[in-house]
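Residues per chain are reported as follows:
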Amino acid sequence: MATFLYKLGRFAFRRRHFVALLWVALLTLAGVGAASAPVAGASSFSIPGTEAQKAFDLLESRFPGMSADGATARVVFKAPEGEKMADKDNKATVEKTVKVLGTGSEVSSVDDPYKAHTVSKDGSVAYASVKYNVSGMELKDSSKDALESAAQDARDAGLTVEVGGDALQATPETGSTEVIGIAIAAVVLVITFGSLIAAGLPLLTALIGVGIGVSTITALASALDLGSTTSTLAMMIGLAVGIDYALFIVSRYRAELAEGREREEAAGRAVGTAGSAVVFAGLTVVIALVGLSVVNIPMLTKMGVAAAGTVAIAVLIALTMIPALLGYAGRKVQPAGKKSRLLGGGRAAKKEGKPNMGTRWASFVVRRPLAVLLLGVIGLGAAALPATSLELGLPDDGSQPTSTTQRRAYDLLSEGFGPGFNGPLMVVADAKASDAPKAAFTRITDEIKDLKGVVSVSPAVPNKSGDTAMITVIPDSKPSSVKTEDLVHAIRGAGGEIKADTDATVLVTGSTAMNIDFSQKLNDALIPYLALVVGLAFLLLIVVFRSVLVPLKAALGFLLSVMAALGAVVAVFQWGWLSGLMGVEETGPIMSMMPIFMVGVVFGLAMDYEVFLVTRMREAYVHGEKPSQAIVTGFKHGARVVTAAAVIMIAVFSGFIGSSESMIKMIGFGLAIAVFFDAFVVRMAIVPAVLALLGRRAWWLPRWLDRALPNVDVEGEGLRALDEKRRDDDEDRELVGV
């Protein structure tokens with residue numbers, strides 16, 4: 001591995017024009033593809049194998065033309081204080097609004113509140129349901145403008161009017177904090193390298209890699225049904241790993257220069273050693289992201305694969321374009337320990353022989369390993385405590401800021417009709433196999449009415465053939481509550497007895513039931529997913545480190561950091577701690593996909609630091625140093641760079657906390673705090689402490705396994721053999737000359 005990458009690095013350095021042109025051509029091609037691609041619609045949301053999805057599919061086939069996946073809007077009206085919605089002027093305003101709403105070209109139906117009996121008991125609130133024949137993301141701006149204009153006209157007439165549903169959903173915005181995150185990364189790079197040129201290389205290559213990845217996703221979005229969240233997450237992860245991978249190679253290049261090597265040779269060795277670590281670190285991230293496909297939720301699979309593709313591009317760019325750009329930079333990139341003229345006049349940055357911060361910290365940990373280990377484990381355990389009260393769910397209009405019309409519509413409906421009105425359950429009765437469909441529909445309706453937690457049950461609405469019916473059930477609790485979930489399970493439980501008596505199948509769907517099934521599917525998949533990802537990465541790290549205990553320690557440390565990160569997410573987004581600082585206007589359940597997505601991404605990123613830091617220790621140990629001294633040597637060469645990489649990754653992820661979409665905001669915060677815990681507590685404290693306690697046993701590997709494993713040579717042993725061969729050849733030539 002090291003020898004191959006060494007040759008690749010030297011080739012890229014020598015043939016830099018070709019390599020740079022190739023990547024620029026790929027960026028241009030991806031950009032043209034993105035610009036010419038059709039605008040992608042909304043990403044379809046399906047949960048194969050769940051009852052809610054089966055019911056949804058059944059509605060599509062038995063009620064053709066109903067546009068089950070079409071956008072919906074609830075235009076909610078509230079009468080002025082002391083008036084009723086049935087008053088003449090108020091009723092005329094509502095009827096006029098309904099008439100205007102029905103003229104839209106994409107509108108399939110509008111329900112008049114007075115005919116559909118959607119006026120509250122006290123007469124103060126009413127709503128009109130608007131259904132469209134296209135999804136919310138496919139709605140034309142003219143349709144959205146018409147909806148907002150109709151609502152505004154009713155407001156001008158004296159009513160309070162708000163609009164809920166997905167018809168007015170906005171495209172998420174990341175905000176200016178994303179740019180701030182990149183700016184912080186740039187500052188950290190300048191401080192780390194003491195050179196603007198050296199600092200600019202990781203930023204440039206990361207932006208090129210992300211540009212290629214995101215442009216490719218945009219170009220394929222329509223064909224592959226990719227949503228906007230997919231490209232945002234790919235950008236988030238691609239930026240972070242792209243900067244980090246390039247940072248490690250540039251840092252190793254400067255270290256090789258400091259040892260007196262020529263620039264081409266230094267580039268080859270940097271790619272051969274640090275590049276080997278980059279390859280395996282990238283592989284762990286790719287395994288973790290692609291592994292999301294085991295959950296069998298298409299949306300999650302696409303997000304994972306797209307992000308993994310961006311990571312793969314980041315690895316390839318780091319291995320090829322970085323040495324090419326180093327060739328262009330020439331002497332403007334100084335050896336380690338020196339600064340550019342702008343930042344220090346080329347003088348040595350510090351006195352020779354003075355131990356750096358990494359050396360001093362590692363020496364302290366080696367002297368006090370047990371105390372450091374206990375302090376780190378107890379601290380992360382305390383941070384993980386809030387995770388014990390983790391509540392999972394999916395966001396609805398009730399989780400939006402109170403400044404939005406969707407949230408105000410949600411509150412008005414709760415006020416006028418009860419909290420359950422915002423999450424109606426759709427019961428689908430399939431009586432195709434029944435001898436008496438109408439009797440079966442009546443039986444189902446009566447059974448549901450008797451269940452605890454039901455406010456109302458609508459009469460069954462059969463299809464044209466009369467073999468399938470829709471029944472709307474209004475719970476007495478809000479959509480995200482445990483009581484509503486219990487009601488869904490109760491209806492499904494009653495369906496078993498009903499089928500035995502009538503041969504009619506009862507299925508529950510709707511957005512609330514979909515959310516419940518989605519959360520359950522993710523919960524069921526978490527343990528198998530964790531076993532798969534950790535298992536594969538464990539085997540990969542055994543190959544890299546040629547040790548059993550080091551990969552085991554890496555996996556256990558990851559579990560500590562991810563649990564602590566989940567605890568922090570619960571504290572902020574569920575409990576409301578520091579919510580104002582994070583821009584969280586509404587607390588509530590943690591998004592269902594958050595734990596499994598965090599496990600996948602954080603595991604991959606955590607292994608980055610494990611590979612980068614511990615390979616330097618392994619390299620020193622293999623070359624003859626004692627275990628304790630190898631730990632110090634690893635920190636001497638790697639701590640500063642790993643610290644810079646972690647700060648950069650935290651800055652990039654934190655930049656997405658400014659997103660207007662709650663999922664992106666939550667993931668940005670979760671990944672940022674997870675990297676903080678993993679890099680600065682687990683990898684910088686717990687890892688050296690454990691290695692110090694284990695001593696030589698840390699690098700133990702059974703002989704039979706040692707013989708069976710392939711030798712990937714991450715430490716660059718092949719390069720040392722290559723040096724010896726060169727020296728022998730030089731001596732032979734000298735003897736011949738003599």
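Everything here concerns the structure above.
Residues numbered from 1 in each chain as written. Predicted model: local features only at pLDDT ≥ 70, side-chain atom pairs only at ≥ 80, totals over all residues. Heavy atoms only, no water.

**So, the pattern of salt bridges**
Inspection of the entire model under this criterion finds 22 salt bridges. Glu256 is the partner of Arg252 in a salt bridge, and the nearest nitrogen-oxygen pair spans 3.1 Å. Taken together, the residues span about one helical turn, with Arg252 and Glu256 both in helix H8 (residues 228-258) at a distance of four residues. Between Arg683 and Asp678 there is a salt bridge; the shortest N-O distance is 2.8 Å. Each member of the pair, Arg683 as well as Asp678, is classed as buried. Through salt bridges with shared partners, a single ionic network connects Arg10, Arg14, Glu264, Glu265 and Arg269. (Salt bridge = Lys/Arg side-chain N within 4 Å of Asp/Glu carboxyl O. Helix = DSSP H or I, 4+ residues; strand = E, 2+ residues; numbered from the N terminus. Buried < 20%, exposed > 50% of the residue type's maximum accessible area, 1.4 Å probe, protein only.)

**Looking at empty space enclosed by the protein**
For the structure shown, the criterion picks out two cavities of 30 Å³ or more. The calculated volume of the largest cavity comes to roughly 40 Å³. Lining the largest cavity are Thr205, Ala206, Gly209, Val210, Gly238, Gly242, Thr310, Ala314 and Ile317. Among the elements of the structure, helix H7 (196-224), H8 and helix H10 (298-329) are those that each provide at least two residues to the lining of the largest cavity. Examining the composition of the lining of the largest cavity, we find that four residues originate from one element, H7, more than from any other. In terms of residue class, the lining of the largest cavity is made up of four nonpolar, five polar and no charged. Considered as a void within the structure, the second largest cavity measures approximately 30 Å³ in volume. The wall of the second largest cavity is formed by Val602, Leu605, Ala606, Tyr609, Ala674, Val675 and Asp678. Secondary structure elements with two or more residues in the lining of the second largest cavity: helix H20 (594-622) and helix H22 (662-694). (1 Å grid on protein atoms, 1.4 Å probe; cavity = no way out; pocket = protein on both sides within 12 Å on 5 of 7 lines; lining within 4 Å. Points joined across faces, edges and corners; volume = space filled by probe spheres on them. Nonpolar A, V, L, I, M, F, W, Y, C, P; charged D, E, K, R; others polar.)

**Notes on the pairing of strand S3 (residues 125-132)**
Of all eight residues in S3, seven are buried, a share of seventy percent or more. As defined by bridge partners, strand S1 (residues 72-78) adjoins S3 across seven bridges and the pair is classed as antiparallel. Each bridged residue has a counterpart across the sheet, and for Arg74 the counterpart in S3 is Ser129. Both strand S2 (residues 107-110) and S3 contribute to a ladder of three bridges, which runs antiparallel. Bridging from a neighbouring strand, Ser109 pairs with Lys131 of S3. (Pairing = 2+ DSSP bridges.)

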